[in-house]
Amino acid sequence: MADDWKRQLDRLHTGLVERDDPAAWVAEADAVDAAQRYPYLALRGPVFGVAARDPRTDGRWRLIQEATDGTPQQARDALHSFLWFRAKDDTDDRAERRELLAAVAVLEREPVNELEVLGVRYRVVRGDEFARSGQDGLEPPRPTDREPADLSWTGTDTIASPDPGFVLDPGYGDTGPSAAALRLGLREFAYSGARFPDDVREDSRRAVTTHPEIVMLPVGFGVTEQDERGWRPRGAFMPTPHDARRLLYHGMATTWPLLYQFDDPTKAAYARAAERFRAAGRADEARVDDVVFRVCRIERLLRTGPDGPEPPRPSDRDVDEPSKMHPTMDEDGTLHYDD
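Residues numbered from 1 in each chain as written. Predicted model: local features only at pLDDT ≥ 70, side-chain atom pairs only at ≥ 80, totals over all residues. Heavy atoms only, no water.

Visitor: Help me understand a negative patch on the surface in this model?
Guide: A surface patch of like charges, here negative, comprises Asp92, Asp93, Glu96, Glu99 and Glu116. Along the chain, Glu116 turns up in strand E3 (residues 114-117). (Patch = residues over 30% accessible without salt bridge, like charges linked within 9 Å, V, L, I, M, F, W, Y side chains within 5 Å. Areas by Shrake-Rupley, 256 points an atom, 1.4 Å probe, with all protein chains shown as cover. Salt bridge = Lys/Arg side-chain N within 4 Å of Asp/Glu carboxyl O. Lys, Arg positive; Asp, Glu negative; His and termini not counted. Charge placed at Lys NZ, Arg CZ, Asp CG, Glu CD. Helix = DSSP H or I, 4+ residues; strand = E, 2+ residues; numbered from the N terminus.)

Quick look at the structure:
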């Protein structure tokens, strides 16, 4: 196994050297520098999404929804809506609509993690979210991370999420030896330490065997706040550094003062910090008195095995139950709102 990985890394290194692609070389140098400056991994916890495998195409598992949900049921709800809207908007065939609606009916009452509908396998999949950390805290965006063409602070235009369509094969999207080395290093990763309950640790150890291969999902970015306990997230997973900067700017300027009912002096302090942050352009850190906010780089790993990507584990917790989310639809596509 070690020799096989060495051969893979050697092939990737040779390919990188032979490619006439300066951008790839710079990105690899960035990755090497990050591994040295931020050598530790700070685990946030599990994330969930939805994948599909269609044997009529290439038969590979692909994400169809973003893998950013915090619980399995949130991802089941996303699949629920995906199938309902397919029945509503994407077919005029009554038999197809009946099959889609039968799957919706299952998701309304049962916490299922896999369904086959019209020959396509759908699965709720599980990953883990983490950030790199070093002596100065969590890793900020890298110079080679992609940015929108328009670095606007007021609009909502952004790069679309790279998750939908992403192939859940080990090595998909890897551009160099550093990415492959990270996957190798994470193969034996399992939860440890007293802060995790026994069943969580046991499920994690089992997954190393049942789903031994690692897929690195597209990188994202988020806002974090430093307090006496360390760094904690403050907002959603974003596709680019500037989307996260814009989230931080609007949080300080408008959202948080309303949400937390700041008094006038606090509101003014946050407003001044927001404008300083915006004026700095591509800054990744802001300070309000003793509070530090940072835009950080977020990575996600997903395990896969012989039967595809890992589904939720028995120890993964839900806070919601399955429920009816949309109006009743008949096989002709007519909606009924009376129930």
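Visitor: I would appreciate a short explanation of the packing of aromatic side chains in the present structure.
Guide: Aromatic ring pairs: the centre-centre distance and the angle between the two ring planes describe each pair. One pass over the full model with this rule turns up 11 aromatic pairs. Each ring, one from Trp153 and one from Tyr249, has its centre 5.6 Å from the other, and the planes form 70°; the classification is edge-to-face. With a gap of 96 residues between them, Trp153 in the loop between strand E5 (137-138) and helix H5 (177-186) and Tyr249 in helix H7 (residues 241-259) connect regions that are remote in the sequence. Exposure remark for Trp153: the relative accessible area of 10% places this residue in the buried category. Using a relative accessible area of 7% as the deciding quantity, one classes Tyr249 as buried. Between Phe166 and Tyr172, the ring centres sit 4.9 Å apart and the planes meet at 85°, which makes this aromatic pair edge-to-face. The side chain of Arg234 reaches across the aromatic face of Trp256, ending 4.2 Å from its centre. In this structure, Arg313 is placed above the aromatic ring of Tyr191, and the distance from its NZ or CZ to the ring centre is 5.8 Å. (Phe/Tyr/Trp six-rings, centres within 6.5 Å; stacked < 30°, edge-to-face > 60°. Buried < 20%, exposed > 50% of the residue type's maximum accessible area, 1.4 Å probe, protein only. Lys NZ or Arg CZ within 6 Å of the ring centre and 35° of its normal.)

Visitor: Is there a simple way to think about the nonpolar core in this case?
Guide: A general trend in soluble globular proteins is that nonpolar side chains are found buried together. Core analysis: the largest hydrophobic core is formed by 23 residues, its most contacted members being Leu79, Leu83, Leu100, Leu107, Leu115, Val117 and Tyr122. Elements that contribute at least two residues to this core include exactly strand E1 (40-53), helix H3 (72-89), helix H4 (94-109), E3 and strand E4 (120-134). Among all residues touching Leu83, those that are not within four sequence positions of it are Leu100, Ala103, Val104, Leu107, Leu115, Val117 and Tyr122. Listed in part, the 20 residues of the second largest apolar core include Trp153, Phe221, Trp256 and Ala283. (Core = buried A, V, L, I, M, F, W, Y, C linked by side-chain atoms within 4.5 Å. Contact = heavy atoms within 4.5 Å.)

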